Amino acid sequence: MAANNNRSGQESDENTRLYNPYQNFEVPIKSQYLYKLPTSPEYLFTEESLKQRRSWGENLTFYTGTAYLGGSVSGATVGIFTGVKNFESGDTTKLKINRILNSSGHTGRTWGNRIGIIGLMYAGIESGVVAAMDRDDVWTSVVAGLGTGAVFRAARGVRSAAVAGALGGLAAGAVVAGKQVVKRVSPELRLF
């Protein structure tokens, strides 16, 4: 879809931008080779454009990635303090640095994997609940948090799973409530 050289046609359509595929080359190209590209996402079906929500794959990637990153950074921080605490008298500087790096690397990987799995389970359960109920509201997140906590601690018994499920539901509810408070205080800020 090459664009015309008509100025009024370019000004009337504000949802597109002109694109020249040869812009990085030092070649004089006529304006007939400019293309109009949309500035907003295009959807195959109109139902997709009506939903203001990430897809299940995007959700899975977002929650798993942020949980892994947060867990790794937190674990590495705890590992630094553990490494410093394990210093022995007579350790050289090189040995102290080695203790800190080993401890922070091990703890960071462990925490990152555990919390990343929690993010993976949360995203999967939330996407399943949204698909089953065909709505996305506060209760969807609370149910996903409850299910995540229960599944994560299910191997330790029913009581542990129930407590972890309740804590997961409360945590998810607190995050959603905090997000709503931030939206009211600063409407232009978009968290996730």
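Per an unreviewed UniProt entry, the protein chain carries the name Mitochondrial import inner membrane translocase subunit TIM23 and comes from Brassica oleracea var. oleracea. Here is the UniProt Subunit (unreviewed entry) comment for the protein chain, exactly as written: "Component of the TIM23 complex, at least composed of TIM23, TIM17, TIM50 and TIM21."

(A) Spatial organisation of unusual backbone geometry. Of note, Asp 134 is a non-glycine position whose phi angle comes to about 55°, a positive value. Tracing the chain through its elements places Asp 134 in the loop between helix 4 (93-133) and helix 5 (138-152). The exposure class of Asp 134 is exposed, given its relative accessible area of 59%.

(B) Region of the structure containing the side chain of Glu 126. Mapped onto the secondary structure, Glu 126 falls in helix 4. Note on Glu 126: relative accessible area 3%, which makes it buried. Leave out the neighbours within four places in its chain, and Glu 126 touches Arg 53, Asn 59, Tyr 63, Asp 136, Thr 140, Ser 141 and Ala 144.

(C) Examining the pattern of salt bridges more closely. Across all of its chains, the model carries three salt bridges by this definition. The partner of Arg 99 in a salt bridge is Asp 91, with the nearest N and O atoms 3.0 Å apart. Classification of Asp 91 by relative accessible area gives buried; the value is 13%. Three or more residues joined by partner-sharing salt bridges are found here, namely Glu 88, Asp 91 and Arg 99.

(D) Inspection of the side chain of Asn 59 at higher detail. With respect to the element layout, Asn 59 can be found in helix 3 (residues 56-85). What Asn 59 contacts, discounting residues up to four positions off in sequence, is Arg 53, Arg 54, Ala 123, Glu 126 and Ser 127.

(E) Examining the nonpolar core more closely. Core analysis: the biggest nonpolar cluster contains five residues, these being Tyr 63, Tyr 122, Ala 123, Ala 144 and Ala 172. If we ignore the near neighbours within four places in the chain, the residues touching Tyr 63 are Arg 54, Gly 119, Tyr 122, Ala 123 and Glu 126.

(F) Representation of a nonpolar patch on the surface. A cluster of nonpolar side chains, namely Val 78, Trp 111, Ile 115 and Ile 118, defines an oily patch on the protein surface of about 280 Å² accessible area. With respect to the element layout, Ile 115 can be found in helix 4.

The rules behind the values
Residues numbered from 1 in each chain as written. Predicted model: local features only at pLDDT ≥ 70, side-chain atom pairs only at ≥ 80, totals over all residues. Heavy atoms only, no water. UniProt positions renumbered as here; feature names shortened; annotations may be inferred. Helix = DSSP H or I, 4+ residues; strand = E, 2+ residues; numbered from the N terminus. Buried < 20%, exposed > 50% of the residue type's maximum accessible area, 1.4 Å probe, protein only. Contact = heavy atoms within 4.5 Å. Salt bridge = Lys/Arg side-chain N within 4 Å of Asp/Glu carboxyl O. Core = buried A, V, L, I, M, F, W, Y, C linked by side-chain atoms within 4.5 Å. Patch = residues over 30% accessible without salt bridge, like charges linked within 9 Å, V, L, I, M, F, W, Y side chains within 5 Å. Areas by Shrake-Rupley, 256 points an atom, 1.4 Å probe, with all protein chains shown as cover.

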